[in-house]
Amino acid sequence: MSAPAELDWRRLALTGTTLIEASAGTGKTWNIALLYLRLVLERELDARQIVVTTFTEAAAQELRARVRGRLADAEAALAAPALPQDELHDYLASLVERSGRMPLLNRVRLALAEIDLAPITTIHGLCRRILSDFPFDTGMPFALGEIVDTPKLVRECVEDFWRARFLGERVDPWEAAYVLGQGVAGLATVVRHILGVDADAIDLEPTSTLRAWWASFCARDLAQMRARVESGEGFARPEVSLLRKQLRTLLHAAATGDPAGVDWDKLRAHLDPAKVQTAGLKKPPQLATWPTVRLLVESRELFARIPARVRHEVALDCARFVRTEIRRRLLQRGQASFSQLIDEVHARLAGAAGDQLAARLQQSWPVALIDEFQDTDARQWAIFDRVWRGAGPGGRALLLIGDPKQSIYGFRGGDVASYLNVRDTLPPQRILSISRNYRSHPRLLLALNALYDRAGTAAFGDSGIDYVAVEAGEPARWRGSAIRQPLRVRLMPAPSARKGDRDHAALEACVDDIAALLEDRSLGC
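Residues numbered from 1 in each chain as written. Predicted model: local features only at pLDDT ≥ 70, side-chain atom pairs only at ≥ 80, totals over all residues. Heavy atoms only, no water.

Each helix and strand counted, the protein has 23 helices and 11 strands in total. A compact globule built from 525 residues would reach a C-alpha radius of gyration of about 24 Å, whereas the protein, at 31 Å, exceeds it by more than 25%. Considering the protein as a whole, with its 525 residues, one finds that 42% of them fall into the buried category. Pairs at least 24 apart in sequence give 78% of the contacts found in the protein among residues at least 6 apart. Approximately 27,300 Å² of the protein is accessible, and the part contributed by carbon and sulfur atoms is 53%. (Helix = DSSP H or I, 4+ residues; strand = E, 2+ residues; numbered from the N terminus. Rg over C-alpha atoms; globule rule 2.2 N^0.38 Å. Buried < 20%, exposed > 50% of the residue type's maximum accessible area, 1.4 Å probe, protein only. Contact = heavy atoms within 4.5 Å. Areas by Shrake-Rupley, 256 points an atom, 1.4 Å probe, with all protein chains shown as cover.)

Structure (structure tokens):
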């Protein structure tokens, strides 16, 4: 994909949907404040009509302060006898020539007076405001309850599900084999991931067919099959046959009805028709012609990924229980959770009265600027998309600002698929970038550009994210500063195949390197 065009804050369209891709240190907040000023002066919007969301409360407070500062700069410039020769001069001069000084000054002063009422907040804060400010459209109480810690409530519900499912008189043998061992903590971890995605987007093959097959298989008369396998009859090399070993384990499990002892993936692999032919004698009756062996070969695809399928099926059942229970318990206790705020708004926009609610929100807030867009998940994007996307009536606008490289890690629940789906639906002229970095040394930027250029398409794997080269925004500022080695790449052997072990080893190496740098007197630390 070709690199997006560079953002020019003076010329960006203030209607429709635009995606602005920006790495760290490129002045995202600086540009957001300038775009906000344009919306006030050119679109003549009040501060209460412009939604700005970011990920944390601290970031929201910083954004509010930066917007306030930019509005104050414009007020001072417009109130001065002559426009000062600063970064706003040419922009303000062109507006003054068209509209006159006083109308512009009045708009800025009104925005400053209302800035503390402006919806500059987190996505959760925005959803809470929607539910509380529009109770007739959302059907919510006028006063929302105390916001509680969602992870604790999720764990409470998972524990109740676990007790009901596994502490009764009878436990399903498949679940006893593949779920009990992971414990409540393991189930809760999987459930938290499921709760962060759209339930309808999860496509899981049910185990009902496998369970029915197993019940039928256990009810068969397997006496002759057991005798043949125990004697080694029909096997080319019975003493070393891996297929015979797997069949003995299977038949023992069938005698008790307990599937726990079977290695289903190995059994499936050895039931490959070619391997069955190789494992048996050439003379009749050939192994592959035995009725039970034929049945197993025909059914082998049922054995794929059985432990994972059983665990995920239980986790989905648990997630459905948790979703229902969280809502019931919060309502019963007069409380709310951050996740519930998003769920409630999403459900109402997708419901029968969704058009009416979307129209009310568009009328009240015609423009939304979404900072840290890479951290948006599917449900959050569905809300933004429903209310602000497109160039509908009222000149609504949706400006998305984020760093696509961060979305591949899903640090805050965002997912790269959601980001790419949005980007792929926009025309090229609606995708812009900010490629000037004001935070890092020019030599470090050159080194990073060279590294990713050499990595090519392998840089971010098959994520669909491309690296856009960044240049220094103010190279003169760094003149005379010493930098011996701007970038070091450390290659380490993997301590094991486990991700946790690899992460721990990488963290230890990073700490060692930092300590060595701090102790290096030649660096002047």
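Moving on: the pattern of salt bridges. Within this structure, the stated rule accounts for 45 salt bridges. The structure contains a network of salt bridges with shared partners spanning Glu156, Asp160, Arg163, Glu325, Arg328, Arg329 and Arg333. (Salt bridge = Lys/Arg side-chain N within 4 Å of Asp/Glu carboxyl O.)

Another point: the side chain of Ser435. You can see Ser435 is positioned in the loop between strand E9 (431–434) and strand E10 (436–437). Accessibility expressed as a relative area gives 14% for Ser435, which makes it buried. Within the structure, the side chain of Ser435 is placed 2.6 Å from the side chain of Glu6, a separation counted as a polar contact. In this structure Ser435 touches Glu6, Ala469, Val470 and Glu471, once residues within four positions along its chain are discounted. (Polar contact = N/O pair within 3.5 Å; in protein donor to acceptor, adjacent residues only side chain to side chain.)

On to the nonpolar core. Ranked by size, the top nonpolar core spans 53 residues in total, and within it Trp264 and Phe303 carry the most contacts. With residues up to four places along the chain from it excluded, the contact list for Phe303 reads Leu210, Trp213, Trp264, Asp265, Leu267, Arg268, Leu271 and Leu296. Listed in part, the 46 residues of the second largest apolar core include Tyr36, Ala77, Val367 and Leu369. (Core = buried A, V, L, I, M, F, W, Y, C linked by side-chain atoms within 4.5 Å.)

A separate point is unusual backbone geometry. Despite not being glycine, Arg305 has its phi angle at roughly 50 degrees, a positive value. Checked against the element boundaries, Arg305 lands in the loop between helix H15 (291–299) and helix H16 (306–333). At Glu372, a residue that is not glycine, the phi angle is positive and equals roughly 55 degrees. Summarising the element assignment, Glu372 is placed in the loop between strand E7 (367–370) and helix H19 (378–388).

Here Pro495 is to be found in the loop between strand E11 (471–472) and helix H23 (499–519). Put simply, Pro495 and Ala506 are 11 residues apart on the chain and 9.9 Å apart in space, counted from C-alpha to C-alpha. Apart from the residues within four sequence positions on either side, Pro495 is in contact with Asp501, Arg502 and Ala505.

Turning our eyes to something else, we now look at the sheet that holds strand E2 (residues 16–22). Read from one edge to the other, the open sheet built from seven strands follows the order E1-E9-E2-E8-E7-E3-E4, with strand pairing classed as parallel. With one partner strand each, in any of the chains shown, strand E1 (5–6) and strand E4 (120–122) form the two edges of the open sheet. The pairing of strand E3 (residues 50–54) with E7 spans four bridges and is classified as parallel. Bridging from a neighbouring strand, Ile50 pairs with Val367 of E7. Sheet contacts for helix H5 (residues 123–133): E3 and E4; angle to E4, the most-contacted strand, approximately 105 degrees. (Pairing = 2+ DSSP bridges. Axes fitted to C-alpha atoms, helices over the stretch in contact; angles between N-to-C directions.)

Across the five residues of E3, five count as buried, placing the element largely inside the fold. The two faces of E3 match: Ile50, Val52 and Thr54 on one face and Val51 and Thr53 on the other face are all buried. Examined bridge by bridge, E3 and E4 share three bridges and lie parallel to one another. Along E4, the bridge assignment pairs Thr54 with Thr122.

Turning next to the packing of aromatic side chains. Tallying each qualifying case throughout the model produces 19 aromatic pairs. Both rings, one in Phe235 and one in Trp290, keep their centres 6.0 Å apart while their planes meet at 90 degrees; by these two values the pair is edge-to-face. Note that Phe235 is positioned in the loop between helix H11 (223–231) and helix H12 (242–256) and Trp290 in the loop between helix H14 (273–279) and H15, a separation of 55 residues in sequence. When sorted by exposure, Phe235 lands in the same class as Trp290, which is buried. Centre to centre, the rings of Tyr452 and Tyr467 are 4.3 Å apart; their planes meet at 10 degrees, and the pair counts as stacked. In this pair, Tyr452 is assigned in helix H22 (residues 442–455) and Tyr467 in the loop between H22 and E11, connecting sequence segments 15 residues apart. Taking the relative accessible area as the measure of exposure, Tyr452 reaches 26% and is therefore partly exposed. Feature note: the residues Trp174, Tyr178, Trp213, Trp214, Phe217, Trp264 and Phe303 constitute an aromatic cluster, connected by ring pairs. Over the ring of Trp290 we find Arg228; its NZ or CZ atom is 4.7 Å from the centre of that ring. (Phe/Tyr/Trp six-rings, centres within 6.5 Å; stacked < 30°, edge-to-face > 60°. Lys NZ or Arg CZ within 6 Å of the ring centre and 35° of its normal.)

Running from amino to carboxyl end, helix H1 (residues 28–41) crosses helix H4 (residues 101–114) at an angle of 120 degrees, the nearest separation of the two axes being 9 Å. The orientation of H1 relative to H4 falls into the category oblique. Judged by the twist between their axes, the crossing of H1 over H4 is right-handed. Note on element contacts: H4 touches H1 through Leu104, Arg107, Val108 and Ala111, opposite Leu37, Val40 and Leu41. (Parallel < 35°, antiparallel > 145°, perpendicular 65-115°, else oblique. Left-handed = near helix turned anticlockwise from the far one by under 90°.)

To continue, consider helix H2 (residues 57–79). For H2, spanning 23 residues, the distance from its first C-alpha to its last is 33 Å, which sits close to the expected 33 Å at 1.5 Å a residue. Against the buried residues of H2 lie H1, E3, helix H3 (89–99), H4 and E4. (Expected span 1.5 Å × (residues − 1).)

What follows deals with the pairing of E7. In E7, alternate side chains face the same way, and those of Val367 and Leu369 on one face and Ala368 and Ile370 on the other are all buried. Inspection of the sheet shows E7 paired to strand E8 (residues 397–402) by four bridges, in the parallel sense. Pairing of Ala368 across the sheet is with Leu398, part of E8.

On the secondary structure map, Leu88 appears in the loop between H2 and H3. For the pair Leu88 and Ala76, spaced 12 residues apart in sequence, the C-alpha to C-alpha distance is 11 Å. When neighbours within four sequence positions are excluded, Leu88 is seen to be in contact with Trp9, Leu34, Leu37, Arg70, Asp73 and Ala74.

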